[in-house]
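The residues making up each chain are set out below.
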Amino acid sequence: MENALKKLKNFLEKEQFEKIERIDNPYLHEFLAEWIEWLQPSKIFVCTDSPEDEEYVRWKALYYGEEKMLEMPRHTVHYDNYYDQARDKANTKLLVPKGVTLPFLNTMDREEGLREIREIMKGIMRGKELFICFFVLGPKNSVFTIPAVQLTDSAYVAHSEFLLYRKGYEEFVRMGPTRNFLKFVHSAGELDERKTSKNLDKRRIYIDLVDETVYSANTQYGGNTIGLKKLAFRLTIQRAVREGWLSEHMFLMRVNGPNGRKTYFTGAYPSMCGKTSTAMIPWENIVGDDLVFIKNLDGRARAVNVEIGVFGIIEGVNEKDDPIIWKVLHSPVEIIFSNVLVKDGRPYWNGMGIPIPDEGENHSGKWWRGKKDKEGKEIPPSHKNARFTVRLEAFPNLDREALENPCGVEVGGMIFGGRDPDTWPPVREAFNWQHGVITMGASLESETTAATLGKEGVRAFNPMSILDFLSVHIGDYIRNYLEFGRKLKKTPKIFAVNYFLRENGQWLNEKLDKAVWLKWMELRVHGDVEAIETPIGYIPKYDDLKVLFKQVLNKEYSKEDYEKQFKIRVPELLAKIERIWKIYEPLDNIPEELFKELEKEKERLLKAREKYGDYISPFILLKS
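Before going into details, it helps to say that this report is about the structure given with it. Quick caveat, the model's predicted, so the values are computed rather than measured. (Residues numbered from 1 in each chain as written. Predicted model: local features only at pLDDT ≥ 70, side-chain atom pairs only at ≥ 80, totals over all residues. Heavy atoms only, no water.)

## Focus: the pattern of salt bridges
- Applying the stated criterion to the full structure yields 63 salt bridges.
- As a salt-bridge pair, Lys 541 and Glu 530 come within 2.9 Å of each other at their nearest N and O atoms. Taken together, the residues span a long stretch of sequence, with Lys 541 in the loop between strand 33 (537-540) and helix 17 (542-553) and Glu 530 in the loop between helix 16 (514-525) and strand 32 (531-534) at a distance of 11 residues.
- Residues joined in a network through salt bridges with shared partners are Glu 54, Glu 55, Arg 58, Arg 74, Lys 167, Glu 334 and Arg 391. (Salt bridge = Lys/Arg side-chain N within 4 Å of Asp/Glu carboxyl O. Helix = DSSP H or I, 4+ residues; strand = E, 2+ residues; numbered from the N terminus.)

## A short note on the packing of helix 4 (residues 51-63) against helix 6 (residues 155-164)
- Put simply, helix 4 and helix 6 touch, their axes get as near as 8 Å, and they point 135° apart. As the angle between them shows, helix 4 and helix 6 are arranged oblique. In the packing of helix 4 onto helix 6, the handedness of the crossing is left-handed. Contact with helix 4, carried on its side by Glu 54, Val 57, Arg 58, Lys 60 and Ala 61, involves Ala 155, Tyr 156, Ala 158, His 159 and Phe 162 of helix 6 and no other residues of that element.
- Taken together, the residues of the contact of helix 4 with helix 6 sort by class into six nonpolar, one polar and three charged. (Axes fitted to C-alpha atoms, helices over the stretch in contact; angles between N-to-C directions. Parallel < 35°, antiparallel > 145°, perpendicular 65-115°, else oblique. Left-handed = near helix turned anticlockwise from the far one by under 90°. Contact = heavy atoms within 4.5 Å. Nonpolar A, V, L, I, M, F, W, Y, C, P; charged D, E, K, R; others polar.)

## Let's talk about the environment of Thr 423
- Along the chain, Thr 423 falls in the loop between strand 25 (409-417) and strand 26 (427-429).
- Those residues in contact with Thr 423, other than ones at most four positions away along the chain, are Arg 459, Leu 501, Arg 569, Glu 572, Leu 573 and Lys 576.
- Of the polar contacts made by the side chain of Thr 423, one reaches the side chain of Asp 422; its length is 2.7 Å. (Polar contact = N/O pair within 3.5 Å; in protein donor to acceptor, adjacent residues only side chain to side chain.)

## Describing the pairing of strand 22 (residues 359-362)
- Burial along strand 22 is one-sided: the face carrying Gly 360 and Asn 362 is buried and the face carrying Glu 359 and Glu 361 is not.
- With four bridges connecting them, strand 22 and strand 23 (residues 365-368) associate as antiparallel partners. If you follow Asn 362 over to strand 23, its bridge partner there is Gly 365.
- Counting the residues between successive antiparallel strands, the hairpin from strand 22 to strand 23 contains two residues. (Buried < 20%, exposed > 50% of the residue type's maximum accessible area, 1.4 Å probe, protein only. Pairing = 2+ DSSP bridges.)

## Let's talk about helix 18 (residues 559-566)
- Within helix 18 the residues assigned to the buried category are Tyr 562, Gln 565 and Phe 566. Along the axis of helix 18, the buried residues cluster in a sector spanning 80°; they form a single face. (Arc of directions from axis to C-beta.)

## Some remarks on the environment of Ala 155
- Within the element layout of this structure, Ala 155 appears in helix 6.
- Ala 155 sits 128 residues away from Trp 283 along the chain, and the two C-alpha atoms are 37 Å apart.
- The residues touching Ala 155, leaving out its near neighbours within four places in the chain, are Val 57, Lys 60, Ala 61, Glu 66 and Phe 131.

Here it is, written out as structure tokens:
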């Protein structure tokens, strides 16, 4: 290991070597020496926590042409290759030892994967500058802290991480010799004249679950390259299941109750199901929009935001529906826009609610309305997966204290939300932790939209909104969830929401109604209102919702609307139980409690149908 430090002294200029030498960690030195020798960069810069080092990275992103300045101060734009605009699911693989099977997941033999990625990455940084960056997941110096080191030849990737994560160089210095850090090795590979990744046929994202290392090559798109985000998420899920805590694809927000009361909720929703819009309701407070760690501290579930920034989808963001995000995007705070249209130094995106120019530059290069790609498809002004990257501190409704609390915040409620046209009511509460985990979290589905998959109405199974990122057997993941709740002295209440109910082609909810469901959930956490018991959990009483609609939205709420929204749709609910059962039944290692809980719900529904029929009014249940 001493040899590693000697090698590093040869590889690095004196000033850069001294930064590494300050970290007394032979395991880190060995990792760095091995990969610097393999990648063969022409220049190396080590990032400490100093503002000067961050500024250096920011400047290099412009100098190397990976970002361009926009008219608004501190705003830049980055473009990915036209065919490198999203997570590459096919080439994102979990490297697992022989004999390990993980249902639903894209796995590969570890030895074979490591051989392939090493071959692809050999000498890949010749003529390029390597940035060595240190970050932490979760607040610093806390039971939640997980340190991480990122090697990348993309100043854009390094810049993005400075916006999204807490700096970790001093944390590495403080920790000394430990193996307890995550490792990320990324190269954008050879770049074309637009400074985008060229060799997409060799694009690979391999996640080594044994060595907690992620390798990413020949790609720049953030979801494939920003190591600490969804790539690290796979590693932290595995660690959480091993150690008995939860690493989740959830927002963290504060709902403000009566008399200044603060109640914190986490929420897991698949894409296009209302996750961001819920977390961003203007009169509540955001802590995080994407990833949380939840641990048992003194018998209570406490949560932190893993990140300090937002890597958000910009399509459809407009002044009316998203006033807070809109204001942030038009403020001189540091923002990286990616894959949007730029005209005269200003960014434009689809669905922004104002006229968009007929020409400019976008992810396809020079763009004009009607331009087609080589497949003959018309190119929109901005990509549907175009993004903005910004620190949470830019948001006026940020709960700053909660964001940096080393002990996290107590979770009062946990919400699971899907896109469902005809089954789940808009909001309901589970009977208990196990009932919620299984019939709400582990049974989560989301109806696909025509915009994403070209086929509308297909129900995609997505338990806890985590299927794309799982790195353990689904049975072990659910078992850990159940165990976690059993060990708590006080369990959070679990709720399910559905903003997408339709009848005769008409929406049964309006966009902002979710603000009312949130207030009701907050009251239920504290036992302030009663609820109606149904076969699938507790639902709100009409009188309580009528008051809340008036208070929150200054809106009248009719009995007719309530009855349509909250009737118990027995045939659809039974069909859902059957679908979920069929998904889990063929798998081994599924907790027995899952089938028992589904069976109990089925029996309650059958009994209710016998008594009241297929569609049961909440008013009938209230009287019974």
